[in-house]
Amino acid sequence: MKHKVKIVIDVVMYFIFLYLMSYRAGRGLFLHGILGCFLFVLFVLHHILNGRWYSGLKKGRYRLARIFFVGIDFFLFAAMVGMAVSSVMMSGDIFSFSPFITTRFARTLHIFSTAWGFLFMLLHVGLHPHVLLERLRKKAGDSIFAYSYYLVFTLVLVAGILCFTKSSLWRNMLLLPRGNPYFESLRFYGEYGMITLAFCQCTHLIMRCLQKADGNRSHNK
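Read on for a plain summary of the structure. Position numbers for residues count from 1 along each chain, tracking the sequence in the order it is written. Where local features are concerned, this predicted model is filtered to residues with pLDDT of at least 70; where side-chain atom pairs are given and counted, the filter is 80 or more; whole-chain, interface and lining totals use all residues. Note: side-chain values were computed over all heavy atoms of the structure, leaving out hydrogens and water.

## Considerations on the overall build of the protein chain
Condition: Numbering goes from the N terminus for both helices and strands, where a helix is a DSSP run of H or I of at least four residues and a strand is a run of E of at least two. The rule is simple: take the accessible area with a 1.4 Å probe, protein chains only, and divide by the maximum for that residue type; under 20% is buried, over 50% is exposed, in between is partly exposed. Only the protein chains shown count as cover for residues, with accessible areas throughout obtained via the Shrake-Rupley method and a probe of 1.4 Å.
For the protein chain, the count of helices and strands is nine helices and zero strands. Written out in order from the N terminus, the α and β elements of the protein chain read α-α-α-α-α-α-α-α-α. Scored against the burial criterion, the 221 residues of the protein chain give a buried share of 35%. Within the structure as shown, the protein chain displays about 13,800 Å² of accessible surface, and the carbon and sulfur contribution to it stands at 71%.

What follows is the structure in structure tokens.
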């Protein structure tokens, strides 16, 4: 039951995050702030439900794959804190009581932390289908299905990377001008859906390389 609850929370967090990423001024800040608060509550609940993970940080060896895994979670946590702090500083509608109201710095911090937070969230999400993708790759083997698997994998990866280069996400990560943003919902969700798949694949590829490197190091000892 607990596992199902965690999955539901993770899925809801992803779609709320994605909706907030599609924010435009016409929607108003109040709803944006409310959903942002709800997202942060779910984020805290996610960490509470996965509290056992923290107790295991001091146990076991830190191989390359584990360092990558822990690093993603650390930077994701830092980005979420940056989003929360900048939200309190920037939103007068929800946090009018805050004595730290500012505009330019808070907006810059919010854009920067949100872009990086979304990226690290995708890398974190990619850790889950990694096992499934590895099983599919091994099951395909050298059969004719292997060609189909690698073809689809490559096409999705390339499409996601192209969507990433066309999006404003990487510009926000580097605090560059975004140009003229578009507000077509279908285009946005389709583009960011492909970005999500591509970065999950990137996590899978990185984990494969790191686990192989860990295996070679253990074999050479």
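## Comments concerning the pattern of salt bridges
For clarity, the cut-off: We define a salt bridge as a contact between a side-chain nitrogen of Lys or Arg and a carboxyl oxygen of Asp or Glu at a distance within 4 Å.
In total, this model carries two salt bridges according to the counting rule given. R137 is the salt-bridge partner of E134, the closest N and O atoms lying 2.6 Å from each other. Residue E134 and its partner R137 are both found in helix α6 (residues 129–140); the two are separated by three residues, about one turn of the helix. A relative accessible area of 16% places E134 in the buried class. Residues E134 and R208 are paired through a salt bridge, measuring 3.7 Å at the closest nitrogen-oxygen approach. With E134 in helix α6 and R208 in helix α9 (residues 185–220), the pair connects residues that are 74 residues apart, well separated along the chain.

## Thoughts on the packing of aromatic side chains
Heads up, the rule is: Note on aromatic contacts: the rings of Phe and Tyr and the six-membered ring of Trp form a pair at centre separations within 6.5 Å, being stacked when their planes are under 30 degrees apart, edge-to-face when over 60 apart, and tilted otherwise.
Evaluated as defined, the whole model comprises 16 aromatic pairs. Geometrically, the ring pair formed by F17 and F118 is edge-to-face, given 5.4 Å between the ring centres and 70° between the ring planes. In this pair, F17 sits in helix α1 (residues 2–21) while F118 sits in helix α5 (residues 104–125), placing the two residues 101 residues apart along the sequence. Looking at F17, the relative accessible area reads 3%, which means it is buried. For F118, a relative accessible area of 0% translates into the label buried.

## So, the nonpolar core
Formally: Definition used in this section: a nonpolar core is a set of buried Ala, Val, Leu, Ile, Met, Phe, Trp, Tyr and Cys residues joined via side-chain atoms within 4.5 Å. Residues count as neighbours in contact if any of their non-hydrogen atoms are within 4.5 Å of one another.
Ranked by internal contacts, the top residues of the largest apolar core, which has 36 residues, are F17, F118, L169, Y192 and I195. Of all the secondary-structure elements, those providing two or more residues to this core are α1, α2 (29–49), α4 (64–90), α5, α7 (144–166), α8 (169–173) and α9. Here the element with the most residues in this core is α1; it accounts for eight residues. Among all residues touching Y192, those that are not within four sequence positions of it are Y14, L18, M21, F118, S167, S168 and L169. L133, Y149, F153 and A198 belong to the second-largest nonpolar core, a separate cluster that totals five residues.

## Things to note about the layout of surface pockets
Empty space among the atoms becomes visible once a probe the size of a water molecule is rolled across them. Using the following cut-off: Detection works on a 1 Å grid of protein atoms alone, calling trapped sets that fit a 1.4 Å probe cavities and calling open sets with protein on both sides within 12 Å along at least five of seven lines pockets, with lining residues defined by an atom within 4 Å of a point. Grid points are joined across faces, edges and corners, and a volume is the space filled by probe spheres set on the points. Under the scheme applied here, ten amino acids are nonpolar (Ala, Val, Leu, Ile, Met, Phe, Trp, Tyr, Cys and Pro), four are charged (Asp, Glu, Lys and Arg), and all others, including Gly, are polar.
When its volume is computed, the second largest pocket comes out at roughly 790 Å³. Considering the residues around the second largest pocket, the lining is formed by 28 residues, among which D10, H46, H124, V125 and H128 are closest to the centre. Those elements that provide at least two residues to the lining of the second largest pocket are α1, α2, α3 (51–55), α4, α5 and α9. When residues of the lining of the second largest pocket are assigned to their parent elements, the largest contribution, eight residues, is made by α1. Counted by class, the lining of the second largest pocket contains 18 nonpolar, seven polar and three charged residues.

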